[in-house]
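# Tertiary structure, described
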Amino acid sequence: MYKYDHIDQTLVDQRVIQFRDQVARRISGTLAEDEFKPLRLQNGLYLQRHAYMLRVAIPYGLLSAKQLRVLAGISEKYDRGYGHFTTRQNIQFNWVTLESTPEILAELAKVEMHAIQTSGNCIRNITSDAFAGVAEDEYVDTRPICELLRQWSTNHPEFAHLPRKFKFAINGAKEDRTVLLCHDVGVELKKNNSGELIANLYAGGGMGRTPILSSLIKQDLPWQFIPSYLTALLRVYNRFGRRDNIYKARIKILVKALGPEEFARQVEDEWGYIKNGDDNFTQHEWNRVAQHFTRPAYQSLPQLSDEQLIQCALEEDKKAYTRWLERNVKPHQVPGYSSVILSLKPHGTVAPGDATAAQMMAIADLADQYSFGELRVTHEQNLVLADVEQNQLFNLWRAAKRQFVALPNIGLLTDIIACPGGDFCSLANAKSLPIAKAVQEHFDNLDYLFDLGDISLNISGCINSCGHHHVGNIGVLGVDKDGEEWYQITLGGEQGSQAAIGKVIGPSFYAEQIPQVITSIVNTYVENRHEGESFIHSYRRIGLLPFKEAAYKNVTKKFQADIASTKESA
Amino acid sequence: MMSIENKTLLFPKGGVPNLVSNDWQIWSGENEQADMPTLTMNSTKVLLPFSMWLTYTDTQHLDSALMSDAKQGRVGVWFAPDDDILKHAQCIEAGKALWPVVAAHFPIFKDGRSFSTAALLRNRFNWQSQVRAIGDVLIDQLLQGARVGFDAFDLRSDQNLDIALRQFDLFSVATQNSWREKRTQLAA
C-alpha cells in the first residue's frame, strides 16, 4: 500500500491549517456561507438534513487496518459510533460539527488520510477496482496510476472550479468492477504487444438525470502522457462546459452536444500544444510510487479445490460455509490465496454500507490477522480482505460471522446498493434506506436468494443517482410528487463490461408496494428463465413487457384507486 | 485592516506579495461605459473589454485616438470568461507590444473559466507582462489564481488584505506543475 513521502505529508498537514483558518473565518462571520460552501465541499464537508456530513477519501478504495481503526475512533469521538461506506469507495460520517472538522482532519492526516476533493466541482477521489493487484482476470495493476493521478489532481489550481463535479474511474481487468462507462472520465489500462502500459480513455459518461455511457475518445495513450492528455481534456471542459444550468453542467452534456468525435478533436488539438511538456509522468515518479505496490510476502501454498476447502469446515457449518465460499470468496492471482468480501448488507440493516465502530475495530483485526493489514472498499459498499490464505478461510468465516459481516449475499438481490436518501440527505426526494430494509426483510430466505442467483438491486433517493439505480438490474428511484414519496422502477441496467442503462417500466409506486412489485418482477424471471440463465440474460431475451405487466397486475387495484383519489384531491 | 480602496495586490513570479495603488480603471463596456472612454483628456489608464477592443480596432472602424492612447501604454484589455482567446491568437500576439496589463474577469468567484484563460495566456502565448484577476476575486481563490498565471489581483472591496497577503505561503509543496514552479516531486 502507498506510503506518504514528506511531500504528501506536508501537503495534507498544510491543507488542515488552511481549512482550520477557513472554518475560523466562517465561525467568526467574516466568511459568508455562500462563499464558504465551495471551500468546505472541497474538503468533504456537506450540510445535510440534520447535521454536517464529512466524507473522507479512501483513494481507489485502499485502506490499512491502522487507518480503519482511526476511522472507528473518529466515529466514536465525533459522530455516533458508525460510518457509512459509499459507492465511490469513501466513508461518510453523518453527525459531525463544523467546529470539530479541523480536528478530525488533523487526526486523519496523522494516518495519511484526508477529505480533499471528496465533494465540490473539482476532480473527485479516484475510484478503481477493489481487487486491483490480486484479481485473477487482471491485465494491469491500476494502483500506481491511481496514486500518480491522486497526486496530480490534488489541489489542482486550474481545475478547482469546474462547471460541475468530475469523477475518474480506472480499470485494468477483463471484467469491469468500476462502472467505468458511467464516469466523467474512464481510464482503461492495458499492455500493448510490446508490453508497454497504455490507456484507452472514455469521456462523457454519467448517471444523474441524463444517464449516458461514455464514449471512447483516445486509444493506446502511453501511460506517461495521461496527465497532459487529461489537462487538455479538462481544459476543454473547464472552458466550454455549461455553467448556466447545474443539470446540464456535467461533461457528458458537452460531449453529447459536440459529439464525441468533435470533443475528441478539440482535446487532441489542445493536447498537441502541451503533450511534449513536463506535465507528463516520469519513470522516476513511476518507480517512486510503484515500489509501494509490490506483492506482499506470499507463502508458497498449494491451490485448494472447493472440496478441500469445504472439508475444513465442521459438519454443521458445511452448508452455510459452502454458500459463503460460493458468493463471498473470489479467485486470486496467487495459488493458495483468495480474496474475501465482507458483506455490509445484513438483512434488515439500517443502511447498506454501514459499519459500527466496534465492527470497524474487529474488521481491522481481521485484516491484520488474515490479509497483511490491508482492506479495500468496493463500490457496492462492502469491504474486501484481498490476500487471505485459503487454509485460513474457515477461521476467517467464523470470525466474520461473529461481526455479522459474513452473510453470503454478495451479488444477490439483498446486496443492495443504496444512497443515504431522505433520512439524511437534503437533496433526496424520498427515503431509500427503509426500502432497502423492507426488501431485505421480505427476501430473508437464503435458499430462495441462491436460487435467484445474480441480481443487482440499486436504490437512489433522487435523480442524482448516488445509489446507481440506472445500472441496477432492478433500479429503484425515489421521486417526489406533490410532496409525496413515490418510487420509479427501472429494469435492465447493468454494470461491468456489458454496462447498460435501465429502462423505466411505467408509473411510480408507493413505498409499501415496492416489495410486492419486486416479487412480481422476480417471479416473472423465475417463470421464464432457461436453465442456468441469470436475471439480466432472461430480461434481455424476453424484454421489458412481461416484467412490466406482472409488476402492475398485482398492484393495479390499489394503485388505480390511489391514482383516482390523487386526481380528485388535486 | 488596511483599506482596499484602489489597491492592487501584486505577486510577481519569483517575488513577494505586496500592495500597490491601482492606476488602472476598468471599463465595463455596459450602460454609460458603452462608448469608448476619452483617455487623453484625463490621463487615466483603462482596461477595456476585449470585445470592445476587437470592435474599435477593426480596420473598418479603426479608432485612431484609441490606437494613439494604446501606443502610449495607457490601454489594456480584460477577457470575459466566454471570450475564446484562442480564436483571436493574432490579435493577442499583437497585443503583447501594446497592452502593459491584461486581465481576466470573474463574474462570480466559483466560475473557474478565467483560470484556464490565465493558464493559456502564460503557456500558449508565453505572456510575460501582468495578468490581473478582476471581478469577484476572493481571498480563498488567490493561491489558485497565483498558480495558474495571475500575478495581480483586484480583490473584491470587502476582502481583508492582511489575510489575503498570508495566503501565498500556505503550501510549501505542490503535486502538479504550475506557472510558478514545477511539481515538488521533480525536485525530489
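Provided above is the structure to which this section pertains.
Cut-offs used in this document
Residues numbered from 1 in each chain as written. Chains lettered and ligands numbered in written order. Predicted model: local features only at pLDDT ≥ 70, side-chain atom pairs only at ≥ 80, totals over all residues. Axes fitted to C-alpha atoms, helices over the stretch in contact; angles between N-to-C directions. Helix = DSSP H or I, 4+ residues; strand = E, 2+ residues; numbered from the N terminus. Parallel < 35°, antiparallel > 145°, perpendicular 65-115°, else oblique. Left-handed = near helix turned anticlockwise from the far one by under 90°. Contact = placed C-beta atoms within 7 Å. Buried ≥ 20, exposed ≤ 12 C-beta atoms within 10 Å, placed from the backbone. Arc of directions from axis to C-beta. Nonpolar A, V, L, I, M, F, W, Y, C, P; charged D, E, K, R; others polar.

## Re the packing of helix 16 (residues 514-528) of chain A against helix 18 (residues 545-553) of chain A
The description of two packed helices rests on the angle between their axes and on the distance between the axes. All names here are of chain A. For the pair helix 16 and helix 18, interaxial distance at closest approach is 8 Å and the crossing angle is 140°. It follows that helix 16 is oblique to helix 18 by the angle criterion. As helix 16 runs across helix 18, the sense of the crossing is right-handed. For the pair formed by helix 16 and helix 18, the contact residues are Val517, Ser520, Ile521, Asn523, Thr524 and Asn528 on the first element and Pro546, Phe547, Ala550, Ala551 and Lys553 on the second.

## Overview of helix 18 of chain A
Residue and element names in this part refer to chain A. Every buried residue of helix 18 is accounted for by Phe547, Ala550 and Ala551. Seen along its axis, helix 18 keeps its buried residues to an arc of 100°; they face one direction. Of the exposed residues in helix 18, those oriented more than 90 degrees away from the buried face are Leu545 and Lys553. At its buried positions, helix 18 is contacted by strand 19 (484-491), helix 16 and helix 17 (535-542).

## A few points about unusual backbone geometry
Residues and elements named next belong to chain A. The phi dihedral of glutamine 89 falls on the positive side, at around 65°, and the residue is not glycine. Mapped onto the elements, glutamine 89 comes out in the loop between strand 4 (82-85) and strand 5 (91-96). Residues other than glycine seldom take positive phi values, yet aspartate 220 does so here, at roughly 55°. For aspartate 220, a count of 10 C-beta atoms within 10 Å corresponds to the exposed category.

## Structural notes on the interface of chain A and chain B
Tallying the contact residues gives 29 residues for chain A and 28 residues for chain B. Contributions of two or more residues to the side of chain A that touches chain B are made by helix 1 (6-28), helix 2 (33-41), helix 5 (143-153) and helix 6 (226-240) of chain A. Here the element with the most residues in the side of chain A that touches chain B is helix 1 of chain A; it accounts for 7 residues. Grouping the amino acids of the side of chain A that touches chain B by side-chain chemistry returns 10 nonpolar, 11 polar and 8 charged.

## Structural notes on the environment of Val289(A)
Residue and element names in this part refer to chain A. With respect to the helices and strands, the residue valine 289 is situated in helix 9 (residues 283-290). In this structure the C-alpha to C-alpha distance between valine 289 and phenylalanine 535, which are 246 residues apart in sequence, comes to 42 Å. Valine 289 has contacts with Tyr2, Pro144, Glu147 and Leu148, leaving out every residue within four places of it along the chain.

By themselves, these are just geometric observations and shouldn't be taken as functional.
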